[in-house]
Amino acid sequence: MRALILALILLILPGPAFTAPGICVGPVCADEIHRSEISPSQFSLRLVDQRGQHERLLVDCRDGVLSPSVGPVDRGYARAVAKRACRSAASG
């Protein structure tokens, strides 16, 4: 009976620990990926690394520019995640 109640609670109230990240490259993952309504070539991403650093980022897929250009998450991995997000949007 307890297992059934626990299962129902987990189904009703899924927390962030139970959600899968969208795209990962090395220690950095992106989720909450959204296309800009104003410019379809821009995406906003929420980045998280293994150290717990997180930030929101905007990428322009036409030229690969990240905004902001500096932040708590390593920019090499951030660029790789953004590039992968742009490629998956173009193929889908």
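Here's what I pulled together on the structure shown here. No experiment lies behind these values; they were computed from the predicted model shown. (Residues numbered from 1 in each chain as written. Predicted model: local features only at pLDDT ≥ 70, side-chain atom pairs only at ≥ 80, totals over all residues. Heavy atoms only, no water.)

Quick word on the side chain of Ser41
Let me state the cut-off plainly: Each helix corresponds to a stretch of at least 4 residues labelled H or I by DSSP, and each strand to a stretch of at least 2 residues labelled E; elements are numbered beginning at the N terminus. The definition of a polar contact used here is a pair of N or O atoms within 3.5 Å, where within protein one atom must be able to donate a hydrogen and the other to accept one, and adjacent residues in sequence count solely through side-chain atom pairs. Residue contacts are counted whenever heavy atoms from the two residues lie within 4.5 Å of one another.
Relative to the elements of secondary structure, Ser41 occurs in the loop between β2 (28-35) and β3 (42-49). Reaching out from Ser41, the side chain makes a polar contact with the side chain of Arg62 at a distance of 3.1 Å. Apart from residues lying up to four places away in sequence, Ser41 is in contact with Val59, Asp60, Cys61 and Arg62.

Things to note about the pattern of salt bridges
For clarity, the threshold we go by: Here, a salt bridge means any side-chain nitrogen of Lys or Arg that lies within 4 Å of a carboxyl oxygen of Asp or Glu. Partly exposed describes any residue whose relative accessible area lies between the buried limit of under 20% and the exposed limit of over 50%, with all areas from a 1.4 Å probe on protein chains only and scaled to the type maximum.
Throughout the structure, instances matching the rule amount to five salt bridges. Its salt-bridge partner being Asp49, residue Arg51 comes within 3.3 Å of it at the nearest N-O pair. On the basis of relative accessible area, Asp49 is assigned to the buried category, the value being 9%. A salt bridge links Arg75 to Glu55, with the shortest nitrogen-to-oxygen separation between them at 2.8 Å. On the criterion of sequence distance, the pair formed by Arg75 in helix α2 (residues 75-91) and Glu55 in strand β4 (residues 54-60) is long-range, its members being 20 residues apart. Glu55 matches Arg75 in its accessibility class, with the two residues each being buried.

Describing the nonpolar core
What counts here: Take the buried Ala, Val, Leu, Ile, Met, Phe, Trp, Tyr and Cys residues and link them wherever side-chain atoms come within 4.5 Å; each set so joined is a nonpolar core.
If you look at the biggest cluster of nonpolar residues, it comprises 16 residues, and the most contacted ones within it are Leu45, Leu47, Leu57, Val59, Leu66 and Val81. Listing elements by their share of this core, those giving two or more residues are β1 (23-25), β2, β3, β4 and α2. At five residues, α2 tops the list of elements feeding residues into this core. If we ignore the near neighbours within four places in the chain, the residues touching Val81 are Ile23, Val25, Val28, Ala30 and Leu47.

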